[in-house]
There are 2 protein chains.
Amino acid sequence: MTKSITRLVPILSWGREYNRSALSNDLVAAVIVTIMLIPQSLAYALLAGLPAEAGLYASIAPIILYTVFGTSRALAVGPVAVVSLMTAAALSNIVEQGTMGYAVAALSLAGLSGAMLLAMGIFRLGFVANFLSHPVIAGFITASGLIIAASQLKHILGIEAQGHNLLELVISLAEHLPETNWITAVIGILATGFLFWVRKGLKPLLQRLGLGAGLTGVLVKTGPVAVVVVTTFAVWGLGLADKGVKIVGEVPQSLPPLTLPSFSPKLLGQLLLPAFLISIIGFVESISVAQTLAAKKGQRIDPDQELIGLGAANIGASLTGGFPVTGGFSRSVVNFDAGAETPAAGAFTAIGLAIAAMALTPLIFFLPKATLAATIIVAVLSLVDFSILGRSLNYSKADFAAVLTTIIVTLAMGVEAGVSAGVVLSILLQLYKSSKPHIAEVGQVPGTEHFRNILRHKVITDPRIVSLRVDESLYFANARFLEDKIQNRVAKDKQIRHVILQCSAINEIDLSALESLETINERLREMDVQLHLSEVKGPVMDKLKEQHFLREMTGNVYLSQFEAVDQVRKLLAA
Amino acid sequence: MTKSITRLVPILSWGREYNRSALSNDLVAAVIVTIMLIPQSLAYALLAGLPAEAGLYASIAPIILYTVFGTSRALAVGPVAVVSLMTAAALSNIVEQGTMGYAVAALSLAGLSGAMLLAMGIFRLGFVANFLSHPVIAGFITASGLIIAASQLKHILGIEAQGHNLLELVISLAEHLPETNWITAVIGILATGFLFWVRKGLKPLLQRLGLGAGLTGVLVKTGPVAVVVVTTFAVWGLGLADKGVKIVGEVPQSLPPLTLPSFSPKLLGQLLLPAFLISIIGFVESISVAQTLAAKKGQRIDPDQELIGLGAANIGASLTGGFPVTGGFSRSVVNFDAGAETPAAGAFTAIGLAIAAMALTPLIFFLPKATLAATIIVAVLSLVDFSILGRSLNYSKADFAAVLTTIIVTLAMGVEAGVSAGVVLSILLQLYKSSKPHIAEVGQVPGTEHFRNILRHKVITDPRIVSLRVDESLYFANARFLEDKIQNRVAKDKQIRHVILQCSAINEIDLSALESLETINERLREMDVQLHLSEVKGPVMDKLKEQHFLREMTGNVYLSQFEAVDQVRKLLAA
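Residues numbered from 1 in each chain as written. Chains lettered and ligands numbered in written order. Predicted model: local features only at pLDDT ≥ 70, side-chain atom pairs only at ≥ 80, totals over all residues. Heavy atoms only, no water.

1. A look at the nonpolar core
Counting residues in each nonpolar core, the largest one holds 278 residues, and the members touching the most others are Ile509 of chain A together with Ile509 of chain B. Here this core takes 15 residues from helix α12 (residues 265–296) of chain A, the largest share from any one element. Beyond its immediate chain neighbours, meaning those up to four positions away, isoleucine 509 of chain B contacts Tyr395 of chain A together with Leu474, Leu514, Leu517, Val540 and Leu544 of chain B. One finds Ile465, Tyr558, Ala564 and Val565 of chain B within the second-largest nonpolar core, a separate group that totals ten residues. (Core = buried A, V, L, I, M, F, W, Y, C linked by side-chain atoms within 4.5 Å. Buried < 20%, exposed > 50% of the residue type's maximum accessible area, 1.4 Å probe, protein only. Helix = DSSP H or I, 4+ residues; strand = E, 2+ residues; numbered from the N terminus. Contact = heavy atoms within 4.5 Å.)

Okay, here's the thing in structure tokens:
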């Protein structure tokens with residue numbers, strides 16, 4: 001009982017051992033992460049189509065709830081780029097951006113996603129996320145990064161542009177290009193250039209100066225803070241807001257508000273699929289970050305418990321003016337590198353952000369939106385990586401097809417269509433592959449008891465005996481394939497008197513396959529050919545034993561293929 | 001060239017060897033099948049919601065076209081019960097029965113289904129049908145049989161009733177029960193009773209009298225002809241048509257008309273899914289009959305060519321006033337038992353039916369619909385078999401779930417929903433199973449080189465070495481499962497220095513799984529644990545060799561698990 005409560009509420013286990021050293025490490029990490037999170041949170045709110053303060057709100061309650069229910073000690077939960085883009089894409093089809101309804105829909109999306117994550121955690125359905133293959137994720141992230149970057153160009157140029165796929169965005173940007181606000185463009189381009197330099201130029205510089213990798217990483221991540229400060233002062237001092245530079249403007253000075261998501265069945269119905277996709281994508285992103293960081297310290301992550309932690313975080317976001325959140329890569333790495341020891345670091349970060357939300361918001365009145373767009377662009381372009389195309393092409397056609405489809409559909413039709421197409425195609429290709437399993441005709445390697453493929457090796461065979469090795473579990477999708485294969489092999493060669501199936505690679509036989517074996521046995525009997533099995537695995541044999549197939553079978557089951565051929569030869573000689 | 005033409009047009013191969021003995025055998029079979037087919041064809045047209053003559057038309061051109069393009073020597077193509085029911089279900093949602101539009105929609109459904117079958121044959125996509133598992137088919141046929149029988153009760157009772165699932169039908173029948181026409185009911189019940197007796201009583205009787213199984217089968221199958229003749233005479237002689245007994249009425253005396261399916265995109269769009277389901281169900285029914293009969297004579301069936309044969313047959317049906325057809329079980333068995341040697345028997349049957357369509361239709365003017373309903377009921381109730389429920393329950397939960405779902409959804413929501421639900425569920429369950437593969441921790445069986453599950457056997461292990469055997473190919477759906485499993489196993493036991501994956505049951509490693517192995521290797525390195533592989537299969541090794549994973553791997557690849565443990569022990573001792 002106590003143990004299961006500790007499992008469900010991990011804070012009870014690490015909370016007991018908490019001490020002064022961990023406290024000071026956690027506090028230092030929290031300060032660093034808080035500074036880094038402020039511009040990032042504002043920027044992702046903008047990307048999601050929400051007012052800037054929503055980004056701060058979405059980082060406070062979720063962090064605390066994850067601290068209580070999550071298993072990772074370093075994961076930092078909050079708005080992340082891809083999920084924010086998916087939020088914007090989902091909501092734009094339903095309500096108009098900037099309206100009250102939009103904010104409520106964002107809360108509802110977070111609430112629905114939270115409920116789904118929670119349910120998946122409780123019912124241990126985390127395996128669903130496994131159907132998102134690595135190539136599909138890689139393609140999706142790359143394509144999303146491009147869309148996000150394109151969607152931010154309007155802020156850099158100070159123009160209007162709309163669209164939720166690359167095509168729409170590019171066309172819209174081209175149409176509005178003549179309306180470019182040049183002052184905005186200068187700020188945006190300088191900010192972007194500076195942030196790129198921080199990554200590409202400053203980082204090597206600091207490393208040459210002898211700073212540790214952890215500290216360098218942290219300093220580089222605070223680059224956006226410098227840009228925020230400088231550009232805000234510039235806009236304020238030079239009065240650029242009056243010259244058409246779009247600024248964040250008035251942000252309420254308050255703790256996160258208490259909010260309620262909508263329970264309208266129509267709205268929830270429309271949000272169902274996006275919420276599911278956001279849950280899955282967010283979970284996959286989060287768990288892989290968590291596992292990577294945990295491995296560095298030899299800690300364990302419980303995927304089902306992570307679902308509960310993320311679910312609680314999203315429900316928290318929906319009740320406090322936020323939008324869908326998940327464990328982010330960059331913020332978690334900063335947290336880890338800054339020395340966070342326990343989830344308490346997250347709680348301290350939440351307190352820091354709460355203070356920011358209450359006290360610092362007047363300071364960002366003059367923050368230009370172009371600066372936030374620049375931080376987003378630089379962050380997401382590091383996600384864009386087309387090398388997966390070459391890598392998958394070099395490895396397997398099926399993987400390549402899945403990546404390419406995901407990238408093209410995401411770019412051309414948007415995030416939901418892209419990830420769905422990738423998942424469906426990779427499942428179909430997998431089913432296709434397993435429906436045409438590799439079936440090798442085998443013969444005895446001279447002087448050994450081994451049997452190998454007759455096409456690859458010089459082996460001994462007997463014209464009256466056909467030995468086939470099926471390199472796949474037998475189930476409905478390939479059962480009939482085996483039927484056809486055997487019947488065609490036997491029908492074209494009248495000498496054959498015995499067929500031996502070597503079952504060493506068969507991990508399961510389902511009912512369809514069992515019935516196919518019965519059919520094969522029956523058809524072979526009609527052709528006066530005996531069917532034998534060899535090397536049947538224990539669990540498979542356990543199941544077969546109870547079935548009348550074994551009694552009906554014209555031949556026998558042998559422990560090894562060698563024994564099978566040996567005994568059958570004796571039968572033929574007799 | 002010649003060979004590929006012969007493959008595409010099988011008639012060129014058997015046609016050349018045709019001789020007098022085959023001719024006389026084929027002629028005899030054709031006469032028997034023709035007599036049996038007349039009432040059956042009329043009845044299935046009625047079931048499909050079409051005028052009786054459509055059943056004859058649907059048996060003529062399709063048989064001839066299948067003769068030219070099909071590979072089975074005994075298969076008889078024409079209307080069959082389940083496909084006729086599916087036709088009625090598909091069309092009833094779109095057009096009203098009895099209208100001209102209904103007949104055109106039936107032609108279009110046949111044409112669309114024919115085009116799909118043809119395309120699947122040309123592009124060798126026959127494997128798609130394999131996703132219809134045996135339990136799903138068994139459940140579907142049983143449920144369809146019940147629906148068909150229920151749908152015919154209205155003809156037996158002489159009332160109106162409608163519905164495309166069991167629930168609707170039963171409610172509708174109950175509502176209209178008071179309107180029962182008692183004369184019709186007497187004819188219907190007597191006809192049904194007689195036909196049941198022919199199957200259950202006459203068959204054993206004839207066998208006791210010493211008739212061969214083949215001849216008995218043929219005589220029993222002609223039972224419906226006797227009922228047709230007797231009840232037609234009764235209705236005519238007693239003037240029962242004036243007393244409310246519904247009769248077939250005037251049937252045009254003609255060869256099949258030349259017709260054109262509709263090319264309306266809207267109609268074809270609505271028919272797309274039903275046409276696909278009808279194609280798949282029809283193909284599966286047909287190919288299993290063809291394979292069973294071919295096995296009896298050691299002949300070969302080419303599934304892709306069968307698709308072409310059935311595709312041509314359905315296009316033929318759509319151009320000659322028919323509706324969707326396929327290779328039927330009972331007619332093919334009669335054809336086979338009656339001694340048909342080549343597809344020419346089918347062509348002669350077609351001629352017989354053409355003569356019937358031209359000359360005999362006036363004779364069936366007074367044929368009561370109740371008689372046709374009786375022949376349908378008796379035929380389909382032999383398909384109803386709930387034993388698959390017990391059998392699957394006894395074998396595996398997944399198979400049982402698939403059968404039960406198929407039966408319940410078909411009965412409650414109709415044929416299309418039922419078969420779709422069954423297929424989707426069985427695919428999902430299969431994916432679920434392979435996403436949580438059996439992973440055994442293995443140890444050495446004392447005194448041998450064998451490694452077995454530590455939970456099942458007394459084996460030797462080393463606290464510093466973990467050997468894991470994965471009983472499934474590694475692909476995206478189970479890659480992360482393996483990651484979690486290994487990380488959790490290693491994180492909870494700090495003694496572990498080596499992990500060995502025994503890969504004997506791994507038939508494939510896709511890109512996701514390869515990346516998972518890289519991740520596992522990286523995480524184990526962080527925990528100062530080495531990763532080794534053993535017993536990697538040839539084709540898997542071929543692919544891995546080209547990847548940098550093998551160079552990055554902290555450990556080695558060993559030929560056998562025994563060698564792996566032996567070498568790792570030496571490493572530890574050094």
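2. Observations regarding the pattern of salt bridges
If you walk through the whole model with that rule in mind, you get 30 salt bridges over all chains. Put simply, lysine 433 of chain B and glutamate 508 of chain A hold a salt bridge, and the shortest N to O gap is 3.0 Å. One end of the pair, lysine 433 of chain B, is in helix α19 (residues 415–435); the other, glutamate 508 of chain A, is in the loop between β6 (498–502) and α21 (511–526), on a second chain. Between aspartate 493 of chain B and arginine 489 of chain B there is a salt bridge; the shortest N-O distance is 3.8 Å. (Salt bridge = Lys/Arg side-chain N within 4 Å of Asp/Glu carboxyl O.)

3. Here's the deal with the side chain of threonine 71 of chain A
Residue and element names in this part refer to chain A. Position of threonine 71 among the secondary structure elements: in the loop between α4 (53–69) and β1 (77–78). Take threonine 71: its relative accessible area is 18%, and that puts it in the buried class. At 3.4 Å, the side chain of threonine 71 and the backbone nitrogen of aspartate 302 are in polar contact. Looking at threonine 71, its side chain comes within polar contact range of the side chain of glutamate 306, at 2.6 Å. Ignoring anything within four residues of it in the chain, the contact list for threonine 71 reads Pro10, Tyr66, Arg300, Ile301, Asp302, Gln305 and Glu306. (Polar contact = N/O pair within 3.5 Å; in protein donor to acceptor, adjacent residues only side chain to side chain.)

4. Quick look at helix α24 (residues 561–573) of chain A
Note that an α-helix has 3.6 residues per turn; residues three or four places apart therefore point the same way. All names here are of chain A. Taking 1.5 Å per residue as the helical rise, α24 with its 13 residues ought to reach 18 Å, and the 18 Å between its terminal C-alpha atoms agrees with that figure. Looking at α24, one finds that the buried residues are Gln561, Ala564, Val565 and Val568. One side of α24 holds all its buried residues, which, seen down the axis, span an arc of 90°. Along α24, exposed side chains directed more than 90 degrees from the buried face belong to Lys570 and Ala573. On its buried face, α24 sits against β3 (439–444), β4 (451–453), β5 (465–470), β6, β7 (530–534) and β8 (557–558). (Expected span 1.5 Å × (residues − 1). Arc of directions from axis to C-beta.)

5. What about the UniProt feature "domain: STAS" (unreviewed entry) in chain A?
Within the UniProt annotation, "domain: STAS" (unreviewed entry) is assigned to residues 455–574 of chain A. What you have in residues 455–574 of chain A is 48% helix and 15% strand, and the ends, taken at the C-alpha atoms, are 30 Å apart. (UniProt positions renumbered as here; feature names shortened; annotations may be inferred.)

6. Things to note about the sheet that holds strand β8 (residues 557–558) of chain B
Sheet strands associate in pairs through backbone hydrogen bonding, adopting either a parallel or an antiparallel arrangement. All names here are of chain B. Read across the sheet, six strands follow the order β4-β3-β5-β6-β7-β8 without closing on themselves; strand pairing throughout is mixed. Strands at the two margins of the open sheet, each flanked by one partner only, are β4 (451–453) and β8. Two elements, strand β3 (residues 439–444) and strand β5 (residues 465–470), share three bridges in a ladder whose sense is antiparallel. Each residue of the ladder has a partner; that of glutamate 441, found in β5, is leucine 468. (Pairing = 2+ DSSP bridges.)

7. Observations concerning unusual backbone geometry
Residue and element names in this part refer to chain B. The residue aspartate 528 is not glycine, and still its phi comes out positive at about 65°. Structurally, aspartate 528 is set in the loop between α21 (511–526) and β7 (530–534). Residue classification places aspartate 528 among the exposed positions, given a relative accessible area of 57%. Look at glutamate 535: it is not a glycine, yet its phi comes out positive at around 55°.

8. Quick word on helix α13 (residues 303–319) of chain B
All names here are of chain B. Here α13 is 17 residues long and its end C-alpha atoms lie 24 Å apart, about the 24 Å a rise of 1.5 Å per residue gives. Most of α13 sits inside the fold, with 15 of its 17 residues counted as buried. Sitting at the head of α13, aspartate 302 places a side-chain oxygen 3.1 Å from the backbone nitrogen of aspartate 304. Remark: glycine 321 follows α13 within two positions and exhibits a positive phi of approximately 70°.

9. Notes on the pairing of β7 of chain B
All names here are of chain B. Taking burial as the measure, the five residues of β7 include four buried ones, the bulk of the element. Direction of pairing for strand β6 (residues 498–502) relative to β7: parallel, over a ladder of five bridges. Along β7, the bridge assignment pairs leucine 501 with leucine 533. With respect to chirality, the unit in which β6 leads through α21 into the neighbouring parallel β7 is right-handed. Pairing analysis gives two bridges linking β7 to β8, with the strands arranged parallel. Directly across from serine 534, in β8, lies its bridge partner tyrosine 558. (Right-handed = clockwise from strand over helix to strand, strands pointing away.)

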